[in-house]
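# Observations on the three-dimensional arrangement
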Amino acid sequence: MNNPQQAGKAQEKKVYVCLSGLPLSFHLEWPFRKSNSGADFYVLHADIALENSEGLHAPVSVNLSATVYEVMPSLEPKDIEAPVINALRKEVDRRLIEFLKSGKRVPVQFSSRYYDFKRSKWVFGKATDENVTLLVARKVYWQTKVAGGPVWIGDPTEALFLETSPANLLEVAQKLRDQELITLEGEWASANASLMAQAEKFEADMRASLAELEQKHAYERG
């Protein structure tokens, strides 16, 4: 069982890393509300902050389609927060969201693109073992740098994003522990000096991914 100190840490800022290497945090303005436009969808305003940047962020409007609404147990955070975060992460990986110092709120379609009706489950793309290991290492690094530790490895939001299980994430973390990159206590990891010493690698990955994203949007603007 997690101790109270660790549980308290879980309530602070959480950093989620894209497969492309960008560290993000999410501010979700609950609850979902019925669209005022008369269209048959629900809306949640959110702001995605690009951590380790000079105030870059992306205000978005998450538009929940009627087809997805029908399969949701409820629109409460406990039921829908993880897929919302993961859908937004996936949109960033697909370079469909741009980060600016200020900007107009951008609509993001939270639709059946990420829901498999045949299997009744969310699907964000099966990650390779290599990508899972890299994401866990990046997560511990960025969470430690941005908000401190310990870092929750067994987060089901991460398992959903990678199409794996919390148990598998813990197995990956145990391998990082064996490499003396992290210290692991139950489901909680703390970065060792050897992991934090890889700062240039993680931050170079972030810079390269951001440059590609900015280049795409600059091209689209002409």
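Let us look at the structure shown here.

Thresholds, definitions, all that
Residues numbered from 1 in each chain as written. Predicted model: local features only at pLDDT ≥ 70, side-chain atom pairs only at ≥ 80, totals over all residues. Heavy atoms only, no water. Core = buried A, V, L, I, M, F, W, Y, C linked by side-chain atoms within 4.5 Å. Buried < 20%, exposed > 50% of the residue type's maximum accessible area, 1.4 Å probe, protein only. Helix = DSSP H or I, 4+ residues; strand = E, 2+ residues; numbered from the N terminus. Contact = heavy atoms within 4.5 Å. Pairing = 2+ DSSP bridges. Expected span 1.5 Å × (residues − 1). Lys, Arg positive; Asp, Glu negative; His and termini not counted. Salt bridge = Lys/Arg side-chain N within 4 Å of Asp/Glu carboxyl O. Polar contact = N/O pair within 3.5 Å; in protein donor to acceptor, adjacent residues only side chain to side chain. Phe/Tyr/Trp six-rings, centres within 6.5 Å; stacked < 30°, edge-to-face > 60°. Lys NZ or Arg CZ within 6 Å of the ring centre and 35° of its normal.

Of all hydrophobic cores here, the largest spans 63 residues; its most connected members are F32 and F99. Among the elements that line this core, the one with the most residues is helix α4 (residues 129-147), at 7 residues. Sequence-distant contacts of F99, defined by excluding residues within four places in its chain, comprise L22, L24, I48, L50, L56, H57, A58, V92 and L213.

Spatially, the 3 strands line up as an open sheet ordered β8-β10-β9, and their pairing is antiparallel. The open sheet terminates on both sides in strands that have one partner only, identified here as β8 (151-152) and β9 (182-185). Across 2 bridges, β8 lies against strand β10 (residues 188-191) in antiparallel orientation. Within β10, the position partnered with V151 by the bridge is A189.

At 3.6 residues per turn, the α-helix brings residues three or four places apart onto the same side. For helix α8 (residues 199-221), spanning 23 residues, the distance from its first C-alpha to its last is 33 Å, which sits close to the expected 33 Å at 1.5 Å a residue. Where the residues of α8 are buried, they touch β2 (23-34), β3 (41-50), α3 (77-93), α4 and α7 (193-196). Downstream of α8 by a residue or two, G222 has a phi angle that is positive, lying close to 80°.

Checked against the element boundaries, E163 lands in the loop between α5 (156-162) and α6 (166-178). As a buried residue without a salt bridge, E163 has its nearest oppositely charged side chain in K121, at a separation of 4.5 Å. Separated by 3.0 Å, the side chain of E163 and the backbone nitrogen of G125 make a polar contact. Setting aside anything within four residues of it in sequence, one finds E163 in contact with V123, F124, G125 and K126.

Moving on, we get to the pattern of salt bridges. In the structure shown here, the tally under the stated rule is 13 salt bridges. For R138, the salt bridge goes to D205, with nearest N and O atoms at 3.0 Å. Taken together, the residues R138 in helix α4 and D205 in helix α8 connect sequence positions 67 residues apart. Overall, R138 belongs to the buried group, its relative accessible area being 6%. Judged by relative accessible area, which is 24%, D205 ranks as partly exposed. Connected through salt bridges with shared partners, the residues R89, K139 and E158 form a single ionic network.

As enumerated under the stated definition, the model contains 11 aromatic pairs in all. On the numbers, 5.0 Å between centres and 70° between planes, the contact of Y115 with F117 is edge-to-face. For F117, a relative accessible area of 42% puts it in the partly exposed group. Both rings, one in W122 and one in F124, keep their centres 6.3 Å apart while their planes meet at 10°; by these two values the pair is stacked. Each member of the pair, W122 as well as F124, carries the same accessibility label: buried. Taken together, the ring pairs connect F110, Y114, Y115, F117, W122 and F124 into an aromatic cluster. Over the aromatic face of F161 sits the side chain of R89, whose NZ or CZ is 3.8 Å from the ring centroid.

In this section: the pairing of strand β4 (residues 57-65). Burial within β4 is extensive, with 9 of its 9 residues counted as buried. Covered by surrounding structure in β4 are H57, P59, S61, N63 and S65 together with A58, V60, V62 and L64, the residues of both alternating faces. For β3 and β4, the ladder comprises 9 bridges, and the chain directions are antiparallel. Bridging across to β4, A46 finds its partner in V60. Pairing of β4 with strand β5 (residues 106-110), which is carried by 5 bridges, proceeds in the parallel orientation. Of the residues in β5, the one forming a bridge with N63 is Q109.

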